[in-house]
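Coordinate inspection notes
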Amino acid sequence: MTEVLQLAKDLIARPSVTPQDAGCQALIADRLGTAGFSCEHLRFGEVDNLWATHGKGGPVLVLLGHTDVVPPGPVEAWSSDPFMPEVRDGVLYGRGAADMKSGVAAFVVALERFVAAHPGHPGTVALLLTSDEEGAAIDGVRRVAQLFRERGQRIDWCITGEPSSQAKLGDLLRVGRRGSLSATLTVRGVQGHVAYPEKARNPIHQALPALAELAAKSWDGGYETFPPTSLQVSDIHAGTGANNVIPGSMEVLFNLRYNPHWTAPRLEAEIEALFERHGLDFEMSWHRSGEPFFTPEGPLRSAARDVLAAFAGTAPEESTGGGTSDARFIAPLGAQCIEIGPVNASIHKVDEHVRVADLEALPALYLALIERLLLQGHLVGAIPENRSHGVNPG
């Protein structure tokens, strides 16, 4: 059994359902400490975070990941126990096999190999792990990023090991992510009998024109490789369940996935102005999951493109699609961020899995990236002063 396969199995065997870490980070810290890394455990609330560094000065390259997993659901639906990793026909099965304990295991092995081969390497290489990526994402990387901001911690480049590949390892390079903004709209009316509408005020009737305008709105035409900003209504609730009662209030849930043309405050202001224009008696509650980020052409993107092309046999698709990742908290610190990881077809599903051949190729892929960035001339002088593309330019 290869080193990375054994470590991936050891991690999967720990039932680290978010926000639990179940000892994953202690195992990793013990290994990296033996390899010469300085390890700092940052626990906030119920969340464990690990910050492991080797070297000093810039540039600072961070590998970013998470040890928590989503719940497995009914165990009987799985072909094997989700927390008893099993290899069948060249495929490793278990909760977290793809998202993202394989990526974490590959990070660790790549880092061990790098510092063993280059103990006096230039710059700093680091690993940041959290147990709060799949959950509320409050006391994980979001909270660590706040601490880093207070400390003045520099980060130049960040590689997130989220499962980003589509059909084969290395066929996609994620160079940005859309922002995510969720809202709860409450429209107040006056409850009454449907036979006496003049004595009531129906919040559904009042809100429908505004919601129709909101749903039909064209926000922008896209940005660079980003698709246009989009809004989806996910839930509408009103009424008592009786067909003869005008409801007294109505609640609507919706979400926007937005590109760097926008910031969350600008979207919030525009949407609230629309509801005010329609004369609604309403309240809004907003949740900002994260602003968009985008990594333009530069040393990080160039190195990743070349390394992935060598592994996949062809240049990767460069994408800003998908949902969100913890890179959204690192980018505003001034870091350029990309995401590279295994195939994502089975993530969050029953019988989650990763091909063993892909898993065993990952450490060499990450090692090639680390060496390319820290050893082959991409030093401080190659990094522009205005490094930050995580802060929305719109």
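All of these numbers come straight from a predicted model, not from anything done at the bench.

Notes on the overall build of the protein
Check the secondary structure of the protein and you find nine helices and 19 strands. Computed over its C-alpha atoms, the radius of gyration of the protein comes to 24 Å, within 12% of the 21 Å expected for a compact globule of 394 residues. Taken along its principal axes, the extent of the C-alpha atoms in the protein is 80 × 55 × 40 Å. Going through the 394 residues of the protein one by one, you find that 54% of them count as buried. The long-range fraction of contacts in the protein, counting pairs at least 24 apart against all pairs at least 6 apart in sequence, stands at 81%. For the protein, the exposed area adds up to about 15,700 Å²; of that, 51% sits on carbon and sulfur atoms.

Digging into the sheet that holds strand 4 (residues 86–88)
Spatial ordering of the open sheet is given by 4-5-19, a layout of three strands whose pairing is antiparallel. At either end of the open sheet lies a strand with only one pairing partner, and these are strand 4 and strand 19 (353–355). Looking at each pair of strands side by side, their axes are set apart by 25 degrees on average, direction ignored. As judged from the three bridges shared by strand 4 and strand 5 (residues 91–93), these two strands associate in the antiparallel manner. Following the sheet pairing, valine 87 is matched in strand 5 by leucine 92. Lying over the sheet, helix 9 (residues 356–375) contacts strand 4, strand 5 and strand 19, oriented at roughly 70 degrees with respect to strand 19.

Let's talk about helix 4 (residues 141–151)
Within the sequence span of helix 4, burial applies to Val141, Val144, Ala145, Leu147 and Phe148. Along the axis of helix 4, the buried residues cluster in a sector spanning 160 degrees; they form a single face. Contact partners of the buried residues in helix 4: strand 1 (38–44), strand 2 (47–55), strand 3 (60–66), strand 6 (124–130) and helix 8 (327–330). Directly beyond the C-terminal end of helix 4, a positive phi value near 80 degrees is found at glycine 152.

Re the nonpolar core
Ranked by internal contacts, the top residues of the largest apolar core, which has 56 residues, are Ile28, Leu127, Ile159, Ile340, Tyr366 and Ile370. Per-element tally for this core: the top contributor is helix 3 (residues 97–117), with 12 residues. Judged by nonpolar contacts, the second largest core, of 25 residues, contains Leu214, Leu256, Trp262 and Leu280.

Focus on helix 5 (residues 203–216)
The end-to-end C-alpha separation of helix 5 is 20 Å, in line with the 20 Å expected for 14 residues at 1.5 Å each. Of all the bends in helix 5, the greatest, near 30 degrees, is centred on proline 209. By the burial criterion, the buried members of helix 5 are Pro203, Ala207, Ala210, Leu211 and Leu214.

As for the environment of isoleucine 204
For isoleucine 204, the position within the fold is in helix 5. We classify isoleucine 204 as partly exposed; its relative accessible area is 27%.

As for the packing of helix 1 (residues 3–12) against helix 2 (residues 24–34)
Packing of helix 1 against helix 2 leaves a shortest axis separation of 10 Å and a crossing angle of 150 degrees. The angle between helix 1 and helix 2 places the two elements in the roughly antiparallel class. From helix 1, Glu3, Leu7, Asp10 and Leu11 reach across to helix 2, where they touch Cys24, Leu27, Ile28 and Arg31.

Considerations on the side chain of lysine 9
Within the secondary structure layout, lysine 9 lies in helix 1. Dropping the residues within four chain positions of it, lysine 9 is found in contact with Met1, Pro85 and Leu92.

Comments concerning the pairing of strand 1
One ladder, built from seven bridges, connects strand 1 with strand 2; its direction is antiparallel. Note on strand 2: the bridge partner recorded for leucine 42 is asparagine 49. Between the antiparallel neighbours strand 1 and strand 2 lie two residues, among them glycine 45 with a positive phi of about 60 degrees.

Basis of the calculations
Residues numbered from 1 in each chain as written. Predicted model: local features only at pLDDT ≥ 70, side-chain atom pairs only at ≥ 80, totals over all residues. Heavy atoms only, no water. Helix = DSSP H or I, 4+ residues; strand = E, 2+ residues; numbered from the N terminus. Rg over C-alpha atoms; globule rule 2.2 N^0.38 Å. Buried < 20%, exposed > 50% of the residue type's maximum accessible area, 1.4 Å probe, protein only. Contact = heavy atoms within 4.5 Å. Areas by Shrake-Rupley, 256 points an atom, 1.4 Å probe, with all protein chains shown as cover. Pairing = 2+ DSSP bridges. Axes fitted to C-alpha atoms, helices over the stretch in contact; angles between N-to-C directions. Arc of directions from axis to C-beta. Core = buried A, V, L, I, M, F, W, Y, C linked by side-chain atoms within 4.5 Å. Expected span 1.5 Å × (residues − 1). Bend = angle between axes of the 7 residues up to and from the residue. Parallel < 35°, antiparallel > 145°, perpendicular 65-115°, else oblique.

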